[in-house]
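Geometric and topological summary
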Protein chains: 2
Amino acid sequence: MSDQSESNGITPEANAQHAQKMAKKKAARDKIMATKTEQRGLLIVHTGKGKGKSTAAFGMVFRCIAHGIPCAVVQFIKGGMATGERDLIETHFSDICQFHTMGEGFTWETQDRERDVQHALAAWAKAKELIKDPDIKLVLLDELNIAIRYDYVPVADVIAFIEAEKPDDTHVVITGRNAYDDLVERADLATEMSLLKHPFRSGVQAQAGIEF
Amino acid sequence: MSDQSESNGITPEANAQHAQKMAKKKAARDKIMATKTEQRGLLIVHTGKGKGKSTAAFGMVFRCIAHGIPCAVVQFIKGGMATGERDLIETHFSDICQFHTMGEGFTWETQDRERDVQHALAAWAKAKELIKDPDIKLVLLDELNIAIRYDYVPVADVIAFIEAEKPDDTHVVITGRNAYDDLVERADLATEMSLLKHPFRSGVQAQAGIEF
């Protein structure tokens, strides 16, 4: 190992300089972190046209599972996707994470608006029940933004319910492209995933482990 | 349920219109999807200043685990973070996912450049070994972009190795802010996570299940 670091040309002086710079950075960071004392349930939104919105949200669900924090998932639209996550959770962690798939697939698969609306409203009713449950600390509402955009679930109802009924220590995570500005405005943490490059453009099909 | 959908004012005409529109959309989509026939290992990059880069990458790891696809993780920098994922994988899925934490924490925590370089180069050596292993189909190089930005690992080496040595059916996922343009250019799938809102700004501390 020492050969490798020497070949990188690190002199004792450079090392001392680095240590000093990083000590300063750490002091500044520690000072900032000391002001971050609040613990509370967040409204989190993942939106944008890029990938990773649902994947990152499921990552949070797995983090909760890892910490033994009871959580729940409601899938609003793509019942056919995230099958990997669903199988894994239902097989191994159903005691700590409820999984409700309430949609039947993308809207262009069902082609039946009335049925889609019924499913979305049933999913929203289930979501409200889970959010109000004081034992559940994180609820993922996967692809709710799509159901809102199609006017299946009114955005005003979602915001009003979360403001009035969400317990202080419960996190709610909402995913889906085209999040309403009102919802982003109300969120504690909002992230936009943007596409820089996508392999679909070059003829690669959806693959297990990556897309689903 | 029918009461709810009626109260949404859906007439049979609107329903028929919706079905027609969605049938068109489905036909267009099916036509596009039919051209997506290739299956191959991708170079995937998650970058940007927003959250979700590592979380979404770990989400892919859990998808692989769910599908029984052997995978591996090398953590380049933040040995202290992603503890939830590490515990969960080591406790339940160590037979299918190797987990190597090679860094000791953020650079401002260690304040020792030479030791950081040694750790980063050891991590990169482990990464190369895992990528070349034909049994492992997805390798997550978590926070490699940080190690590259600090000049701990040369970006040219990373690109050259992946182009020459990565098996065709192996996915490599690289995370971390400030990805080099060269790496993004070479990626099959690249996503930028941007911050729209962050609770750190309002005094909320990092919380289990959300940040780690």
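Everything here concerns the structure above.
Conventions used here
- Residues numbered from 1 in each chain as written.
- Chains lettered and ligands numbered in written order.
- Predicted model: local features only at pLDDT ≥ 70, side-chain atom pairs only at ≥ 80, totals over all residues.
- Heavy atoms only, no water.
- Pairing = 2+ DSSP bridges.
- Helix = DSSP H or I, 4+ residues; strand = E, 2+ residues; numbered from the N terminus.
- Axes fitted to C-alpha atoms, helices over the stretch in contact; angles between N-to-C directions.
- Buried < 20%, exposed > 50% of the residue type's maximum accessible area, 1.4 Å probe, protein only.
- Arc of directions from axis to C-beta.
- Contact = heavy atoms within 4.5 Å.
- Salt bridge = Lys/Arg side-chain N within 4 Å of Asp/Glu carboxyl O.
- Phe/Tyr/Trp six-rings, centres within 6.5 Å; stacked < 30°, edge-to-face > 60°.
- Lys NZ or Arg CZ within 6 Å of the ring centre and 35° of its normal.

Right, let's talk about the sheet that holds strand S6 (residues 189-197) of chain B for a bit. Spatially, S3(A)-S2(A)-S4(A)-S5(A)-S1(A)-S6(A)-S6(B)-S1(B)-S5(B)-S4(B)-S2(B)-S3(B) is the arrangement adopted by the 12 strands of the open sheet, whose pairing is mixed. With one partner strand each, in any of the chains shown, strand S3 (97-101) of chain A together with strand S3 (97-101) of chain B form the two edges of the open sheet. Across the sheet, the axes of successive neighbouring strands diverge by a mean angle of 15°, strand direction being ignored. Sheet analysis places strand S1 (residues 43-47) of chain B next to S6 of chain B, joined by 4 bridges and oriented parallel. Paired with Val45 of chain B across the strands is Ala190 of chain B, a residue of S6 of chain B.

A few words now on unusual backbone geometry. For Glu143 of chain A, which is not glycine, the phi dihedral falls at a positive 65°. Its relative accessible area of 8% is what places Glu143 of chain A among the buried residues.

Another aspect to go through is helix H8 (residues 155-165) of chain A. Residues and elements named next belong to chain A. Of the residues making up H8, those classed as buried are Val155, Val158, Ile159, Phe161 and Ile162. Looking straight down H8, one finds that the buried residues subtend no more than 165° of arc, so they occupy a single side. Buried-residue contacts for H8 involve strand S1 (43-47), helix H6 (113-132), helix H7 (144-149), strand S5 (171-175) and helix H9 (181-186).

Time to look at the pattern of salt bridges. All names here are of chain A. Enumeration according to the criterion identifies 10 salt bridges over all chains in this entry. In this structure, Glu129 and Lys126 form a salt bridge, with 3.2 Å as the shortest nitrogen-oxygen distance. With Glu129 and Lys126 both in helix H6 and 3 residues apart, this pair spans about one turn of that helix. Since its relative accessible area comes to 47%, Glu129 is described here as partly exposed. Its salt-bridge partner being Arg186, residue Glu163 comes within 2.6 Å of it at the nearest N-O pair. Of the two residues, Glu163 sits in helix H8 while Arg186 sits in helix H9, which places them 23 residues apart along the sequence.

Let's shift gears to the packing of aromatic side chains. Following the criterion strictly, the structure yields 8 aromatic pairs over all chains and no others. Here Trp124 of chain A and Phe161 of chain A contribute two aromatic rings whose centre-to-centre distance is 5.6 Å and whose plane-to-plane angle is 80°, an arrangement assigned as edge-to-face. Highlighted residues: Trp124 of chain A in helix H6 and Phe161 of chain A in helix H8, separated in sequence by 37 residues. According to the relative accessible area criterion, Trp124 of chain A is buried, its value standing at 4%. Judged by relative accessible area, which is 11%, Phe161 of chain A ranks as buried. The interplanar angle of 25° and the centroid separation of 5.5 Å between the aromatic rings of Tyr150 of chain B and Tyr152 of chain B together place this pair among those described as stacked. The ring of Tyr180 of chain A carries the charged tip of Arg149 of chain A above its face, separated from the ring centre by 4.0 Å.

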